[in-house]
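Fold and geometry: a report
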Amino acid sequence: MHKILAITDIHLRSAGRKIIGLDPLAQFQKALAHALEIHPDAQHLIIMGDLTHSGHPEEFQMVKDAIAQYPIPITLMLGNHDRRDNFTSTFPEITMTSSGHLQTRIDLGDDVLLCLDTLDGPPYPQYHHVGNLCPERLDWLCEQLKTCAGKRVSLFMHHPPHNIGLPGMDCIKLKNSDDLFAITAKHPEIRHFFAGHVHRTISGHTHGLGFSMFKSTCHQMPMAMESNDPSLSVAEPAAYGIILFDTHSIIAHTEDFEIAQQASGPALDALPD
Ligand SMILES: [Fe+2]
Ligand SMILES: [Fe+2]
């Protein structure tokens, strides 16, 4: 059994600026502290994009400072709110692909986790939030898959590649999902994908793959199935994900760390008749 943590959409802002009254840095720090207290045995932490709210260098520096002493190995990913040039200037020690994208492979026994960079750009037009996997990034995926025979592969992407029934988010999903699904259709070793971007807990099955999405550590997307607005936000309890890779199963839990309580004693047996 392997255990990893998944935190997504931390949206850090500089100068103490908030998002619908929430402090993104304080929220992120709460999530990090809670996850470390409860899951010190986690083998890895993946932070799944929208590291920053505006892509500014000082926001990336806040990310770097916040994770500097964290004892669990961390893989960072990019989202639509991030900027690749400012990321690389803040994290020059992190290796990018030969095409200059932030894509990473994590091996955990017979499981391979492939983290893809779905940030569309440069250029980065304002209010452009769709995702993209250009031919170079898809080539990297295909190269990795050449050495995944006999393994079980999970993909991690900031943008979901399919519609999820929330019109406001469906219009800013991965724009070339057909290209991705053409690859996954040829590789049955890919079993599951994980996404962020939506700021909600969602799971299901599409194109032969299971999928799981996690809440933000800060602001959440409301249940708005009739709205075309991708910017809707509510202060519902925040969460992070806990993913277990068992011999037979990939298991995704979410932990609402702001309202989670530790067990304090027997419950069922203590109920009155
Ligand atoms: Fe986000
Ligand atoms: Fe996003």
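This report concerns the structure included in the present document. Counting restarts for each chain, with residues numbered from 1 along the sequence as it is written. Lettering of chains starts at A and numbering of ligands starts at 1, both following the order in which they are written. In keeping with the model being predicted, local features are shown solely for residues with a pLDDT of at least 70 and side-chain atom pairs are shown and tallied solely at 80 or more, while totals for entire chains, interfaces and linings include all residues. Side-chain metrics rest on all non-hydrogen atoms present in the structure, leaving aside hydrogens and water.

Concerning empty space enclosed by the protein
Any empty space left between atoms is shown by rolling a water-sized probe over those atoms. Here a cavity is any set of points on a 1 Å grid over the protein atoms alone where a 1.4 Å probe fits but cannot get out, and a pocket is any open set with protein on both sides within 12 Å along at least 5 of 7 lines; a residue lines the site when it has an atom within 4 Å of a point. Grid points are joined across faces, edges and corners, and a volume is the space filled by probe spheres set on the points. Summed over all chains, the structure comprises 1 cavity of 30 Å³ or more. Within this model, the largest cavity holds a volume of roughly 40 Å³. Lining the largest cavity, in full, are Asn 80, Arg 83, Leu 119, Asp 120, Tyr 124, His 128, His 129 and Val 130. Looking at the lining of the largest cavity residue by residue, the class counts come to 3 nonpolar, 3 polar and 2 charged. Amino acid classes used here: Ala, Val, Leu, Ile, Met, Phe, Trp, Tyr, Cys and Pro are nonpolar; Asp, Glu, Lys and Arg are charged; the rest, including Gly, are polar.

Some points on the layout of surface pockets
Considered as a void within the structure, the largest pocket measures approximately 530 Å³ in volume. Here the lining of the largest pocket is composed, by residue class, of 8 nonpolar, 13 polar and 2 charged. Estimated volume of the second largest pocket: approximately 170 Å³. Every residue along the wall of the second largest pocket is listed here: Met 1, His 2, Asp 110, Asp 111, Gly 150, Lys 151, Arg 152, Arg 191, Phe 245, Asp 246 and Thr 247. Grouping the amino acids of the lining of the second largest pocket by side-chain chemistry returns 2 nonpolar, 3 polar and 6 charged.

Comments concerning the coordination of the iron ion (ligand 1)
For the iron ion (ligand 1), the full set of protein donor atoms is Asp 9 (OD), His 11 (NE2), Asp 50 (OD) and His 199 (NE2), at a range of 2.0 to 2.2 Å. What the 4 donor atoms of the iron ion (ligand 1) show is an angle range of 87 to 173° at the metal, which sorts the shape as irregular. Think of the donor list as every N, O and S atom within 2.8 Å of the metal, or within 3.2 Å for Na, K and Ca; water never makes the list, so a site can look incomplete. When the donor residues of the iron ion (ligand 1) are listed from N- to C-terminus, their spacing reads D-x1-H-x38-D-x148-H. In this model, the iron ion (ligand 1) sits 3.4 Å from the iron ion (ligand 2), the two metals being bridged by Asp 50. In this pair, Asp 50 sits in the loop between strand S2 (44–48) and helix H2 (57–67) while His 199 sits in the loop between strand S7 (190–195) and strand S8 (202–206), placing the two residues 149 residues apart along the sequence. Exposed residues in this analysis have more than 50% of their type's maximum accessible area, buried residues have under 20%, and partly exposed residues fall in between, with area computed by a 1.4 Å probe over protein chains only. For Asp 50, a relative accessible area of 1% corresponds to the buried category. Under the relative-accessibility criterion, His 199 is labelled buried at 7%. Just to be clear on the cut-offs, tetrahedral is four donors with all angles between 85 and 135 degrees, square planar is four donors and octahedral six with opposite donors over 155 degrees apart and all others between 65 and 115, and anything else goes down as irregular. Each helix is a run of H or I in the DSSP string that is no shorter than four residues. Each strand is a run of E no shorter than two, and both are numbered from the N terminus.

Quick word on the pattern of salt bridges
Each salt bridge in this description consists of a side-chain nitrogen of Lys or Arg and a carboxyl oxygen of Asp or Glu lying within 4 Å of one another. With the rule as written, the count across this model stands at 12 salt bridges. The partner of Lys 3 in a salt bridge is Asp 41, and the shortest N-O contact between them spans 3.0 Å. Here Asp 41 lies in the loop between helix H1 (24–38) and S2 and Lys 3 lies in strand S1 (residues 2–7), a separation of 38 residues in the sequence. In this structure Lys 3 comes out as buried when scored by relative accessible area, which is 15%. A residue is classified by how much of its surface remains accessible, and Asp 41, at 48% relative accessible area, is partly exposed. Its salt-bridge partner being Asp 120, residue Lys 175 comes within 3.0 Å of it at the nearest N-O pair.

Limitation: the analysis is restricted to geometry and does not speak to function.
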